[in-house]
Amino acid sequence: KAGVTQTPRYLIKTRGQQVTLSCSPISGHRSVSWYQQTPGQGLQFLFEYFSETQRNKGNFPGRFSGRQFSNSRSEMNVSTLELGDSALYLCASSLYRGKNYGYTFGSGTRLTVV
Amino acid sequence: DQQVKQNSPSLSVQEGRISILNCDYTNSMFDYFLWYKKYPAEGPTFLISISSIKDKNEDGRFTVFLNKSAKHLSLHIVPSQPGDSAVYFCAARGGDDMRFGAGTRLTVKP
């Protein structure tokens, strides 16, 4: 079965622009989480969606937002991009929520802000 | 908030020897711990996990040890192989929250 698909793989944007990243979870998975990976900071949790509702949110400014559709696909949006938003954005899906359900990660979207 | 810390950004070991990757956490609500492995240009992949009711979990060459009183876990890889060269992230879950460390880059030299 297909894994977690993130599009696009690479993106270059200029400061002040906005960007939308897409994540298609594994078929049947209902939970989607987003992480930001930067050198030295590891994986920083952005938010989690389950059944089209945001269930959990990390410590990021309001410029970062997301949503989940009825087919469990998710998008995250970053408005008014800053240079520091350059990072690898990873999406992970899980069958359900909770600690005993493992995450499967996508390959990520590499965002560069210039 | 660095609730999960991997204090060694990199580790280099010789093929065939043991690799020990360490992870510390601060939140006593964490009760499930995982290790992920990440190759360049790929997403992290799940490696091994341990529940807080255990102190050791073994899967082939990989063993995770948990010391709850010290809030410390470690991943042992024996014997290390060049294909193990990757970035290793530890993660901790408490309820619905999962936090990751910054990662340790392991290099296994032939």
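What comes next is a walk through the structure. Being a predicted model, the structure only gives us computed values, none of them experimental.

### What to know about the overall build of chain A
Each helix and strand in chain A was counted, giving zero helices and eleven strands. If you list the helices and strands of chain A from N to C, you get β-β-β-β-β-β-β-β-β-β-β. Computed over the C-alpha atoms, the radius of gyration of chain A is 13 Å, within 12% of the 13 Å expected from 2.2 N^0.38 for a compact globule of 114 residues. Here the C-alpha coordinates of chain A stretch approximately 40 × 30 × 25 Å along the principal axes. Evaluated residue by residue, chain A yields a buried proportion of 48% over its 114 residues. Summed over all atoms, the accessible surface of chain A reaches about 5200 Å², with 46% contributed by carbon and sulfur. When the 13 basic and 5 acidic side-chain charges of chain A are each reduced to a single mean position, those positions are 5 Å apart.

### Notes on the overall build of chain B
On a plain count of helices and strands, chain B comes out with zero helices and eleven strands. Reading the helices (α) and strands (β) of chain B from amino to carboxyl end gives β-β-β-β-β-β-β-β-β-β-β. Its C-alpha atoms give chain B a radius of gyration of 13 Å, near enough to 13 Å, the size a compact globule of 110 residues would have. If one aligns the C-alpha atoms of chain B with their principal axes, the spans along those axes are about 40 × 25 × 20 Å. When burial is assessed residue by residue, chain B has 46% of its 110 residues classed as buried. A sequence separation of at least 24 residues applies to 53% of the contacts in chain B between residues at least 6 apart.

### Observations concerning the sheet that holds strand β1 (residues 4-5) of chain B
Residues and elements named next belong to chain B. Pairing within the open sheet is antiparallel, and its five strands lie in the order β1-β3-β8-β7-β6. The strands lining the two open edges of the sheet, one partner per strand, are β1 and β6 (56-59). Summarising the sheet, strand β7 (residues 62-67) and strand β8 (residues 72-77) pair through six bridges and their orientation is antiparallel. Each bridged residue has a counterpart across the sheet, and for Phe65 the counterpart in β8 is Ser74.

### Concerning the nonpolar core
All names here are of chain B. Formed by 23 residues in total, the largest nonpolar core has its most connected members in Phe33, Trp35, Leu73, Leu75 and Tyr88. Of all the elements in the fold, those that place two or more residues in this core are β3 (19-25), β4 (32-38), β5 (45-51), β7, β8, β9 (86-94) and β11 (104-109). Considering every element that reaches this core, the biggest residue donor is β9, with four residues. With residues near it in sequence (within four places) discarded, Tyr88 still touches Gln6, Leu21, Trp35, Tyr36, Lys37, Leu47, Leu75, Ile77, Gly103, Thr104 and Leu106.

### Structural notes on the pattern of salt bridges
One pass over the structure, following the stated rule, counts six salt bridges over all chains. The partner of Arg67(A) in a salt bridge is Glu75(A), and the shortest N-O contact between them spans 3.3 Å. Classification of Glu75(A) by relative accessible area gives buried; the value is 16%. With a shortest N-O distance of 2.8 Å, Arg61(B) and Asp84(B) are connected by a salt bridge. With Arg61(B) in the loop between β6 and β7 and Asp84(B) in the loop between β8 and β9, this residue pair connects regions lying 23 residues apart in the sequence. We classify Asp84(B) as buried; its relative accessible area is 2%.

### A word on the state of the cysteines
Tallied over the entire structure, the rule returns two disulfides over all chains. Sulfur-sulfur distance for the disulfide between Cys23(A) and Cys91(A) comes to 1.7 Å. Between Cys23(A) and Cys91(A), the S-S torsion sits near -50°, and that sign places the bridge as left-handed. Here the residue Cys23(A) occupies a position in strand β3 (residues 19-24), and Cys91(A) occupies one in strand β9 (residues 87-94), the gap between them amounting to 68 residues. Here Cys23(A) matches Cys91(A) in class, with each residue buried. Two residues, Cys23(B) and Cys90(B), share a disulfide whose sulfurs are 1.9 Å apart. Here the S-S torsion is close to 60°, and the disulfide linking Cys23(B) with Cys90(B) is therefore right-handed. A residue pair is termed long-range when its members are at least 10 positions apart, and Cys23(B) in strand β3 and Cys90(B) in strand β9 qualify at 67 residues.

About the cut-offs
- Residues numbered from 1 in each chain as written.
- Chains lettered and ligands numbered in written order.
- Predicted model: local features only at pLDDT ≥ 70, side-chain atom pairs only at ≥ 80, totals over all residues.
- Heavy atoms only, no water.
- Helix = DSSP H or I, 4+ residues; strand = E, 2+ residues; numbered from the N terminus.
- Rg over C-alpha atoms; globule rule 2.2 N^0.38 Å.
- Buried < 20%, exposed > 50% of the residue type's maximum accessible area, 1.4 Å probe, protein only.
- Areas by Shrake-Rupley, 256 points an atom, 1.4 Å probe, with all protein chains shown as cover.
- Lys, Arg positive; Asp, Glu negative; His and termini not counted.
- Charge placed at Lys NZ, Arg CZ, Asp CG, Glu CD.
- Contact = heavy atoms within 4.5 Å.
- Pairing = 2+ DSSP bridges.
- Core = buried A, V, L, I, M, F, W, Y, C linked by side-chain atoms within 4.5 Å.
- Salt bridge = Lys/Arg side-chain N within 4 Å of Asp/Glu carboxyl O.
- Disulfide = S-S within 2.5 Å.

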